[in-house]
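Fold and geometry: a report
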Amino acid sequence: IKEKAVSEYIAPCNKTDFEVMEYPVIVDSGAAESVLPDGWCPQAATIQTAQSGKKYTAANGSGIRNKGAKLVSMITRDGQWHDMNFQVCDVTRPLASVYRICEKGHSVTFNPSWDRRGSFIHSQQTGNRTYLEANDGVYVLETKVAPTGMQTRPSFGRQE
């Protein structure tokens, strides 16, 4: 488990550096899809998919419309590179769907915050673990988003 404080991890960024999202990605076992707020991670292109226009139901019962998808390239605190698929919606925070993570060949283990084994996403293919942090009652994935030139699917509309 990482002992660094969040403030030690977050460094000032310019447009060519890796950038920290306003909120970390919440790993959510109740989310059917991984979602990202509209306008976040402009480094990655938003594309239209078969799910574009689909409506989801939020926990409070309100409707949320899918505005497209982003494949966001990011790096974790311990230096692991990941590409993560998100559906772009009018939400306030990014959520990573445990269901979608598992469908991609991973397992997710949640342990109490005091458990030295930690909480993590485990790749069935490589055996690598991506550790999660317990933060304000949820498990989060602390990442930095890669700049436009390092995105797997870059946004060409963003000025560097």
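This text gives an overview of the structure that appears in the document. (Residues numbered from 1 in each chain as written. Predicted model: local features only at pLDDT ≥ 70, side-chain atom pairs only at ≥ 80, totals over all residues. Heavy atoms only, no water.)

Some details on the overall build of the chain
A tally of regular secondary structure across the chain gives 2 helices and 14 strands. Each of the 160 residues in the chain was classed as buried or not, and the buried ones make up 39%. In the chain, of all internal contacts separated by at least 6 residues, the share reaching a separation of at least 24 is 61%. Per element, the accessible surface of the chain, about 9100 Å² overall, is 50% carbon and sulfur. (Helix = DSSP H or I, 4+ residues; strand = E, 2+ residues; numbered from the N terminus. Buried < 20%, exposed > 50% of the residue type's maximum accessible area, 1.4 Å probe, protein only. Contact = heavy atoms within 4.5 Å. Areas by Shrake-Rupley, 256 points an atom, 1.4 Å probe, with all protein chains shown as cover.)

As for the pattern of salt bridges
Any two side chains of opposite charge can pair, given that their charged atoms come close. For the structure shown, the criterion picks out 5 salt bridges. Taking the shortest distance from any N to any O, the salt bridge between Arg77 and Glu133 comes out at 3.4 Å. Taken together, the residues span a long stretch of sequence, with Arg77 in the loop between β7 (69–76) and β8 (81–89) and Glu133 in strand β12 (residues 129–135) at a distance of 56 residues. Across the pair, Glu133 and Arg77 agree in class, each one buried. What emerges from the salt-bridge pattern is a single network uniting Asp38, Lys67 and Asp90. (Salt bridge = Lys/Arg side-chain N within 4 Å of Asp/Glu carboxyl O.)

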